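This is what each chain is made of:
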Amino acid sequence: MCRGLAALPITCLERAKDLKSRLGILLHKPELGHKTGSSSKLQLGSRRRDSSRDVLEWRESFDQLLKSKSGVNAFHTFLKTEFSEENLDFWLACEDFKKTRSKTKLASKANRIFEEFVQSEAPREVNIDHETREITRKNLSGATSACFNEAQAKTRTLMEKDSYPRFLKSASYQDMSRQAASRGTSKRSHT
């Protein structure tokens, strides 16, 4: 993210978001040489391992999506098309971080996560406000499994309110959902 992003007028941010969306769409235009569906094949390839019900449950809640390994993979692939996979990667890194038991590993992992996702100008900086960034930085001094809780919650809320609804409307999810529904219908008609 750029310095002073919060100081930019909202119209600039909206235009930047619109431009990002348009660029993402261009990447999937067949006439531009990119094979349409290559990213959706990544998602669709794993759907056979999931029951049709799982794919359909993803639309019930963001939690249902996050509970499913293939749901997380499909959502991650979608986020890549929007150039915002760092949000999910950060959330997943925090989930893994919470499982760390060793105090030494906890401190080292905390610093690594902070440097990759949270600090200003981080290589994969997540979109959180300055106050949350500072609270998280201060939490590092006494790293506990909860030191990223606030930043993780804000990132999760951002994905749930912003990216998740777009994922549900995406062509790849709509296709998976249709196929899952038709498999469910055909299973019922054969029994």
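Here, every reference points to the structure presented above.
Below is a summary of the structure that appears in this document. (Residues numbered from 1 in each chain as written. Predicted model: local features only at pLDDT ≥ 70, side-chain atom pairs only at ≥ 80, totals over all residues. Heavy atoms only, no water.)

Turning our eyes to something else, we now look at the overall build of the protein chain. For the protein chain, the helix and strand inventory stands at 10 helices and 0 strands. What you see in the protein chain, going N to C, is helices and strands ordered as α-α-α-α-α-α-α-α-α-α. Expressed as a percentage of the 191 residues in the protein chain, the buried residues total 38%. Of the contacts formed within the protein chain by residues at least 6 apart in sequence, a portion of 63% connects residues at least 24 apart. As displayed, the protein chain offers around 11,700 Å² of accessible surface, 54% of which is attributable to carbon and sulfur atoms. (Helix = DSSP H or I, 4+ residues; strand = E, 2+ residues; numbered from the N terminus. Buried < 20%, exposed > 50% of the residue type's maximum accessible area, 1.4 Å probe, protein only. Contact = heavy atoms within 4.5 Å. Areas by Shrake-Rupley, 256 points an atom, 1.4 Å probe, with all protein chains shown as cover.)

What follows deals with the pattern of salt bridges. Tallied over the full model, the rule gives 12 salt bridges. The salt bridge partner of Lys154 is Asp129, with a shortest N-O separation of 3.1 Å. In this pair, Lys154 is assigned in helix α9 (residues 149-169) and Asp129 in the loop between α7 (103-118) and α8 (130-139), connecting sequence segments 25 residues apart. On the basis of relative accessibility, which here comes to 32%, the residue Asp129 falls in the partly exposed class. In this structure, Glu134 engages Arg137 in a salt bridge whose closest nitrogen and oxygen atoms are separated by 2.6 Å. Here Glu134 and its partner Arg137 are both found in helix α8, 3 residues apart, which amounts to about one turn of the helix. In this structure, a network of salt bridges that share partners links the residues Asp63, Arg156 and Glu160. (Salt bridge = Lys/Arg side-chain N within 4 Å of Asp/Glu carboxyl O.)

Following the sequence through the fold, Glu125 ends up in the loop between α7 and α8. A distance of 3.1 Å separates a polar atom in the side chain of Glu125 from the backbone nitrogen of Glu121. (Polar contact = N/O pair within 3.5 Å; in protein donor to acceptor, adjacent residues only side chain to side chain.)

Another aspect to go through is helix α6 (residues 85-98). Relative to the 20 Å expected for 14 residues at 1.5 Å per residue, α6 spans 20 Å between its end C-alpha atoms, a close match to the ideal helical length. Regarding α6, the residues found buried are Glu86, Asn87, Leu88, Asp89, Phe90, Trp91, Cys94 and Phe97. Buried positions along α6 lie against α4 (62-67), α5 (69-81), α7 and α9. (Expected span 1.5 Å × (residues − 1).)

Running from N to C, α5 and α9 cross one another at 90°; their axes reach a closest spacing of 10 Å. Here α9 runs roughly perpendicular to α5, going by the angle between their axes. Where α5 abuts α9, its residues Ala74, Phe75, Phe78 and Leu79 lie against Met159, Ser163, Tyr164, Arg166 and Phe167. Split into classes, the residues belonging to the contact of α5 with α9 amount to 7 nonpolar, 1 polar and 1 charged. (Axes fitted to C-alpha atoms, helices over the stretch in contact; angles between N-to-C directions. Parallel < 35°, antiparallel > 145°, perpendicular 65-115°, else oblique. Nonpolar A, V, L, I, M, F, W, Y, C, P; charged D, E, K, R; others polar.)

Looking now at the nonpolar core. With 19 residues, the main nonpolar core has Trp58, Phe75, Leu88 and Phe167 as its most contacted residues. Broken down by secondary-structure element, the contributors of at least two residues to this core are α4, α5, α6, α9 and α10 (171-190). At 5 residues, α5 tops the list of elements feeding residues into this core. In this view, Phe75 contacts Phe62, Leu65, Leu88, Met159, Ser163, Tyr164 and Phe167; residues no more than four positions away in its chain are not counted. Of all hydrophobic cores here, the second largest spans 16 residues; its members include Phe90, Cys94, Ile113 and Val118. (Core = buried A, V, L, I, M, F, W, Y, C linked by side-chain atoms within 4.5 Å.)

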